[in-house]
Amino acid sequence: MFIDLHSHILPGLDDGATCMEDTVMLASAMKEWGFERVTCTPHITNKWRNTPETIRRAFEMTREELDRKGVGLDITMSAEYRLVPQTWPEVLKKNWLMPIEDRFILMELPIFDPTDIGDLNPLEEFRKVRSLGLIPLLPHPERYFYLSEKELMSYLEAGVLIQCNYGSFAGLYGDQAQANALSLQSRGLVSCYGTDMHNAHYVDVIGAWISQGNPIRHLDIVQK
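Below is a short write-up of the structure. (Residues numbered from 1 in each chain as written. Predicted model: local features only at pLDDT ≥ 70, side-chain atom pairs only at ≥ 80, totals over all residues. Heavy atoms only, no water.)

1. A short note on the sheet that holds strand S6 (residues 104-108)
As summarised here, the arrangement of the six strands in space is S3-S5-S6-S7-S8-S9, forming an open sheet in which the pairing is parallel. Unpaired on one side and paired on the other, strand S3 (43-44) and strand S9 (192-194) mark the two borders of the sheet. In the sheet, S6 pairs with strand S7 (residues 135-139) via three bridges, with the strands oriented parallel. Residue pairing for S7: Ile105 is matched across the bridge by Pro136. (Pairing = 2+ DSSP bridges. Helix = DSSP H or I, 4+ residues; strand = E, 2+ residues; numbered from the N terminus.)

So this is what it looks like as structure tokens:
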């Protein structure tokens, strides 16, 4: 089954889809590419203070609209949890973890400034999630240009899995992210891939890459 574990297609919750019209367009493109199920993972960060309740409201409206429009795409609900002190401790305290496919937690590091993580230790937070019987999924490490090889390997040794973005391979985020993604892939370190779908530009870039003969991947880790 073709499943996407990482998308921002719920309207109005973060820097992804801004309205339901955008949502339908993005979902339709993903269906056309061959995806059968998509997990909606809006950010929970200091900037986007989403909760399971706000996400569920947008999710239910989206599911109804996609059904009404006949898009034919199955959607599920989770979040992309950024490891920042403003929100991550609250997520754990209030039990806001919403596992993807019943087992994976999408745990994002700060994209540009590693100091945004404050006093949190990523390795310790990954281990906390593992202790709950869940699997930390690190999205787009190819975009964390500050992340050292030693740090990344320590995460993998702790049971973290890597999710690379299709957009990285397509050049969406620039040459360095593309080179990093190709390196991770060539070394066999990538467990799964995601669209990280946000907007029409993602559709254009990823769609062009797919049309050049680059396939989306079966999500083997779900069956394991």
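Let's pick the thread back up.
2. Considerations on unusual backbone geometry
Within the chain, Glu101 stands out as a residue other than glycine whose phi angle is a positive 50°. Looking at the element boundaries, Glu101 is found in the loop between helix H3 (88-93) and S6. The backbone of Asp196 sits at a positive phi, close to 50°, despite the residue not being glycine. Mapped onto the elements, Asp196 comes out in the loop between S9 and helix H8 (200-211). A relative accessible area of 2% means that Asp196 is categorised as buried. (Buried < 20%, exposed > 50% of the residue type's maximum accessible area, 1.4 Å probe, protein only.)

3. Thoughts on the sheet that holds strand S1 (residues 3-4)
On the basis of which strands lie adjacent, the open sheet formed by three strands has the order S1-S2-S4 and parallel pairing. The open sheet has two edge strands, S1 and strand S4 (74-77), and neither has a second partner. Of the strand pairs in this sheet, S1 and strand S2 (residues 37-40) are connected by two bridges, and their pairing is parallel. Note on S2: the bridge partner recorded for Asp4 is Val38. Set on the sheet, helix H2 (residues 52-69) makes contact with S2 and S4; between it and S4 the angle comes to about 175°. (Contact = heavy atoms within 4.5 Å. Axes fitted to C-alpha atoms, helices over the stretch in contact; angles between N-to-C directions.)

4. Observations regarding the environment of Asn121
Along the chain, the position of Asn121 falls in the loop between S6 and helix H4 (122-131). Asn121 sits 38 residues away from Leu83 along the chain, and the two C-alpha atoms are 8.8 Å apart. There is a polar contact of 2.9 Å between the side chain of Asn121 and the backbone nitrogen of Leu123. (Polar contact = N/O pair within 3.5 Å; in protein donor to acceptor, adjacent residues only side chain to side chain.)

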